[in-house]
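Structural description and commentary
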Amino acid sequence: MCGIVGYIGSREAYPIIINGLKRLEYRGYDSAGFVLNYPEGLEMVKTKGKVVDLEDKAQGVKLHANIGVGHTRWATHGVPNDINSHPHMSNNGNLVIVHNGIIENYEAIKIKLYSEGYVFHSETDTEVLVNLIEYFKEKENLNLTDAVRYALTEVIGAFAIAVMDSQNTDEIVVGRLGSPLAIGIGEDEFFIASDASPFVEFTKDAIYLEDGEMATIKRGEKVKVRKIVDNKEVHPSIHELQLDLEQIEKGGYEHFMLKEINEQPKSIHDTMRGRLLPDEGIIKMAGIWDHMERFKKAKRIIIVACGTSWHAGLVGEYLIEELARIPVEVEYASEFRYRNPIINKNDIVIAISQSGETADTLAALKLAKEKGAFIYGICNVVGSSIARITDAGSYTHAGPEIGVASTKAFTAQLTILTLIALKLGKHKGNLSNERFMSLCYELSTIPSKVEKALNTNDIVKKISEIYKDAENALYLGRGYNFPTALEGALKLKEISYIHAEGYPAAEMKHGPIALIDENMPVFVIAINKGHYEKVVSNIQEIKSRSGQIIAVVTEGDKQVRDLADHVIEIPECSEEFSPILASIPLQLLSYHVAVMRGCNVDQPRNLAKSVTVE
Ligand code: AGP
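Residues numbered from 1 in each chain as written. Predicted model: local features only at pLDDT ≥ 70, side-chain atom pairs only at ≥ 80, totals over all residues. Heavy atoms only, no water.

1. Re the pairing of strand 1 (residues 3-8)
Taking burial as the measure, the 6 residues of strand 1 include 6 buried ones, the bulk of the element. Two elements, strand 1 and strand 4 (residues 67-73), share 6 bridges in a ladder whose sense is antiparallel. Its bridge partner lying in strand 4, tyrosine 7 is registered against glycine 68. Looking at chain direction, strand 1 and strand 10 (residues 190-193) are connected through 4 bridges and run antiparallel. What sits directly across from valine 5, in strand 10, is alanine 193. (Buried < 20%, exposed > 50% of the residue type's maximum accessible area, 1.4 Å probe, protein only. Helix = DSSP H or I, 4+ residues; strand = E, 2+ residues; numbered from the N terminus. Pairing = 2+ DSSP bridges.)

Okay, structure coming up:
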């Protein structure tokens with residue numbers, strides 16, 4: 001996610017833009033920039049770093065224009081640096097653009113523009129788009145609105161853009177598909193932003209562009225909205241904003257964690273965007289494909305990570321060993337780095353890290369690199385330290401995760417690991433084409449199944465009310481959902497401070513069952529796949545000792561329903577995908593219990609979002 005801001009009116013644009021960017025930093029914060037439009041030309045300042053760094057860099061720059069656009073970046077293409085930061089300018093220096101989204105077909109467009117003599121200075125997809133707009137404007141002699149429209153009809157991907165022409169200080173053209181864009185309607189002024197937070201104190205009237213719409217915003221005229229595909233005029237309604245600033249930043253949710261839990265259908269979709277092509281039976285992952293021979297020859301894959309990312313690695317072990325038949329070991333990075341591990345040159349070490357900055361994981365990777373292993377990264381932050389030292393990698397594209405408790409990053413990690421396991425399985429010949437196609441198709445339906453799993457919120461909230469005062473809790477799962485049990489326990493303990501432990505369900509008889517009594521809630525993942533009958537037996541053992549059973553089951557389950565005190569139904573799916581779906585109610589449970597206990601959900605005590613020290 002990135003944040004875009006724009007202004008056209010009678011006020012000074014700079015303070016509105018810079019303050020607006022600060023309010024949008026939760027959407028991305030690795031680089032920032034703005035451009036002001038004057039009759040004598042454009043004044044652009046941009047930098048790697050946060051908006052405060054941009055303010056420093058703008059000292060002494062001419063800042064008295066009343067039209068401009070700004071951007072705070074969450075990198076998807078091109079590492080965070082000055083050149084890749086937005087705005088981007090077209091070759092002839094007239095057009096500037098800010099963009100939130102991903103242009104999937106930017107390479108093909110770039111090749112076409114190269115052949116027309118265009119040059120590129122950044123690694124971004126956005127610079128390609130602004131030059132495509134210039135191409136249409138110059139070659140077809142179009143006005144800015146039509147040039148933008150023509151260009152957007154060629155684009156595949158997601159975008160919210162704002163474009164200005166140095167030849168015209170009275171107009172900004174915007175468009176959206178898949179990324180949000182709001183237009184604030186003032187007396188004789190207009191505001192543009194990814195959400196209303198940058199302009200909520202100036203006006204409560206806003207137009208929200210729908211997907212596939214664009215608008216021409218001209219000084220002194222009504223906003224003209226049209227369909228990108230056929231130029232048909234649209235007459236959008238003007239909404240009166242009800243939310244306050246803080247609510248807008250959280251998308252109307254009470255906490256960032258709840259917003260991020262609910263973003264998971266989109267974040268999982270974005271993680272698969274441009275990678276999973278189920279109809280063609282293709283998984284595109286350059287990081288894997290470019291090193292396929294190495295992966296096929298690998299004697300072992302070692303996954304190093306911490307916390308939730310370590311739980312994702314455990315699921316990855318089940319996925320890769322089952323689908324690709326490559327031995328996998330999952331290591332706590334903090335242990336791995338100090339135990340003088342044996343690493344062979346045919347080993348592949350995969351680091352999983354949302355932040356890409358976790359000190360133990362970074363150190364474990366550096367050790368593996370020193371010992372000659374090929375190292376691969378699965379990170380959520382583009383250009384992070386771990387991403388920069390790996391030989392190859394895959395970004396999770398989950399967008400900024402603000403809540404300390406990892407939720408959407410975890411399911412995005414699982415999605416990447418699933419894609420990797422499927423791709424390796426197919427190319428190693430372990431997966432029949434039929435099974436590969438079937439799993440690829442089912443994976444493409446997971447975002448909608450996550451949407452359904454989110455509908456368990458109300459029943460989960462009722463269950464949370466019952467168990468919010470528990471002093472201990474157990475989480476049990478088998479197979480793929482043993483790691484899910486560990487993750488559910490971590491979520492509960494780290495934000496509600498209830499002591500919770502996760503175990504393989506079969507481990508109960510080796511000690512933990514001594515803990516069972518009427519005060520012990522036991523959360524069991526009991527989907528109708530894997531060793532279902534054995535999980536049912538474990539539930540019966542617990543019931544016979546007065547344990548309280550809350551079971552996550554496959555919708556329609558009857559057997560567990562008769563045994564458990566509460567059941568939470570999730571959609572039917574293959575075992576390989578069940579950790580993604582089963583995690584959703586467990587995330588919601590930890591959230592609601594923490595809120596009911598009055599805990600600071602987004603910033604739990606003693607914790608940091610990124611543990612950059614040992
Ligand atoms: C998970 O909810 C925690 N915030 C924590 O365990 C986290 O997963 C761990 O610190 C690893 O962080 P990383 O993914 O950024 O490396």
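2. A look at the side chain of arginine 23
As for its placement among the helices and strands, arginine 23 is situated in helix 1 (residues 13-23). Of the polar contacts made by the side chain of arginine 23, one reaches the backbone oxygen of serine 197; its length is 3.0 Å. Look past the residues within four positions of arginine 23 in its chain and what remains in contact with it is Ser197, Pro198, Glu201, Leu245 and Glu249. (Polar contact = N/O pair within 3.5 Å; in protein donor to acceptor, adjacent residues only side chain to side chain. Contact = heavy atoms within 4.5 Å.)

3. Re a positive patch on the surface
A contiguous patch of positive charge on the surface is contributed by Arg294, Lys297, Lys299 and Lys345. Accessibility expressed as a relative area gives 53% for lysine 297, which makes it exposed. (Patch = residues over 30% accessible without salt bridge, like charges linked within 9 Å, V, L, I, M, F, W, Y side chains within 5 Å. Areas by Shrake-Rupley, 256 points an atom, 1.4 Å probe, with all protein chains shown as cover. Salt bridge = Lys/Arg side-chain N within 4 Å of Asp/Glu carboxyl O. Lys, Arg positive; Asp, Glu negative; His and termini not counted. Charge placed at Lys NZ, Arg CZ, Asp CG, Glu CD.)

4. Brief notes about the pattern of salt bridges
For side chains bearing opposite charge, pairing can occur when the charged atoms are close. A full pass over the atoms with the stated rule returns 35 salt bridges. Across the pair aspartate 170 and arginine 219 runs a salt bridge, and its minimum N-O distance is 2.8 Å. Of the two residues, aspartate 170 sits in strand 8 (residues 168-177) while arginine 219 sits in the loop between strand 12 (213-218) and strand 13 (224-227), which places them 49 residues apart along the sequence. Owing to a relative accessible area of 26%, arginine 219 belongs among the partly exposed residues under this scheme. Here arginine 176 ties to aspartate 211 by a salt bridge, and the two come within 2.6 Å at their closest N and O atoms. Pair noted here: arginine 176 is in strand 8 and aspartate 211 is in the loop between strand 11 (205-208) and strand 12, with a separation of 35 residues, a long-range link. A relative accessible area of 15% means that arginine 176 is categorised as buried. Look at the salt bridges and you will find they share partners, linking Glu104, Lys266, Asp270 and Arg273 into a network.

5. A word on the sheet that holds strand 24 (residues 499-504)
With respect to topology, 5 strands assemble into an open sheet ordered 24-23-25-26-27, the strand pairing being parallel. Every other strand in the sheet has two partners, leaving strand 24 and strand 27 (566-570) as the edge strands with one partner each. Averaged over all adjacent pairs, the angle separating strand axes in this sheet is 20°, with direction ignored. By the bridge criterion, 6 bridges tie strand 23 (residues 472-477) to strand 24 in an arrangement that is parallel. Counterpart to tyrosine 475 in the pairing with strand 24 is glycine 502. (Axes fitted to C-alpha atoms, helices over the stretch in contact; angles between N-to-C directions.)

6. Some thoughts on helix 20 (residues 532-543)
Between its first and last C-alpha atoms helix 20 spans 16 Å; for 12 residues at 1.5 Å apiece the expected length is 16 Å, and the two agree. Those residues of helix 20 not exposed but buried are Tyr532, Val535, Val536, Asn538, Ile539 and Ile542. Across the axial projection of helix 20, the buried residues extend over an arc of 160°, all falling on one side. Here the buried face of helix 20 lies against strand 23, strand 25 (521-526), strand 26 (548-554) and helix 21 (559-563). (Expected span 1.5 Å × (residues − 1). Arc of directions from axis to C-beta.)

7. A short note on the site of the ligand
Around the ligand there are 15 residues in total, and Ser309, Ser353, Ser355, Thr358 and Glu494 lie nearest to it. At 2.6 Å from an oxygen atom of the ligand is found a side-chain nitrogen or oxygen belonging to serine 309. Measuring from an oxygen atom of the ligand, one finds a side-chain N or O atom of threonine 358 at 2.5 Å. In isolation the ligand has 410 Å² of accessible area, and contact with the protein removes 91% of it. (Near = heavy atom within 4 Å.)

8. Describing the nonpolar core
Side chains of nonpolar character tend, in soluble globular proteins, to be buried together. Ranked by internal contacts, the top residues of the largest apolar core, which has 86 residues, are Ile301, Tyr376, Leu422 and Tyr475. Counting residues per element, this core draws most heavily on helix 22 (residues 578-596), at 10 residues. Residues within four places of isoleucine 301 in sequence aside, it is in contact with Phe295, Ile320, Ile326, Pro327, Val328, Glu329, Ile348 and Ile350. If you look at the next biggest cluster of nonpolar residues, it comprises 30 residues, including Leu21, Tyr38, Ala193 and Ala196. (Core = buried A, V, L, I, M, F, W, Y, C linked by side-chain atoms within 4.5 Å.)

9. A few points about the packing of helix 1 against helix 2 (residues 51-58)
At their nearest, the axes of helix 1 and helix 2 sit 9 Å apart, and the two run at 155° to each other. With respect to helix 2, the axis of helix 1 lies roughly antiparallel. Contacts from Tyr14, Ile18, Leu21 and Lys22 of helix 1 reach helix 2 at Val51, Leu54, Glu55 and Ala58. Partitioned by chemical class, the residues of the contact of helix 1 with helix 2 number 6 nonpolar, no polar and 2 charged. (Parallel < 35°, antiparallel > 145°, perpendicular 65-115°, else oblique. Nonpolar A, V, L, I, M, F, W, Y, C, P; charged D, E, K, R; others polar.)

10. Observations regarding the environment of alanine 32
Within the secondary structure, alanine 32 is located in strand 2 (residues 31-38). Since its relative accessible area comes to 1%, alanine 32 is described here as buried. When the C-alpha atoms of alanine 32 and threonine 203 are compared, they prove to be 25 Å apart, with 171 residues separating the residues in sequence.

11. Details of the layout of surface pockets
To locate leftover empty space, one rolls a probe as large as a water molecule over the atoms. Taken as a whole, the largest pocket encloses approximately 920 Å³ of empty space. Elements supplying a minimum of two residues to the lining of the largest pocket: helix 3 (106-115), strand 17 (282-283), helix 9 (286-289) and strand 22 (392-395). Here the element with the most residues in the lining of the largest pocket is strand 22; it accounts for 4 residues. Its residues assigned to classes, the lining of the largest pocket shows 12 nonpolar, 9 polar and 9 charged. (1 Å grid on protein atoms, 1.4 Å probe; cavity = no way out; pocket = protein on both sides within 12 Å on 5 of 7 lines; lining within 4 Å. Points joined across faces, edges and corners; volume = space filled by probe spheres on them.)

12. Overview of the packing of aromatic side chains
All chains considered together, the criterion is met by 14 aromatic pairs. Summarising the aromatic geometry, the rings of tyrosine 114 and phenylalanine 120 are spaced 5.3 Å apart at their centres and angled 85° between planes, so their arrangement reads as edge-to-face. Take phenylalanine 120: its relative accessible area is 15%, and that puts it in the buried class. On the numbers, 5.6 Å between centres and 65° between planes, the contact of phenylalanine 136 with tyrosine 150 is edge-to-face. Of this pair, phenylalanine 136 sits in helix 4 (residues 125-139) while tyrosine 150 sits in helix 5 (residues 144-154), and the two are 14 residues apart along the sequence. Taking the relative accessible area as the measure of exposure, tyrosine 150 reaches 34% and is therefore partly exposed. Taken together, the ring pairs in this structure connect Tyr7, Phe191, Phe199 and Phe202 into an aromatic cluster. We note lysine 62 situated over the ring of tyrosine 38; from NZ or CZ to the ring centre the distance is 3.9 Å. (Phe/Tyr/Trp six-rings, centres within 6.5 Å; stacked < 30°, edge-to-face > 60°. Lys NZ or Arg CZ within 6 Å of the ring centre and 35° of its normal.)

13. Regarding the sheet that holds strand 8
Here we have 7 strands laid out as an open sheet, ordered 5-6-7-8-12-13-14, and antiparallel in their pairing. Of all strands in the sheet, those bounded by a partner on one side alone are strand 5 (88-89) and strand 14 (233-234). Strand direction decides the pairing type here: strand 12 and strand 13, joined by 4 bridges, are antiparallel. Opposite threonine 216, over in strand 13, you have lysine 224 as the bridge partner.

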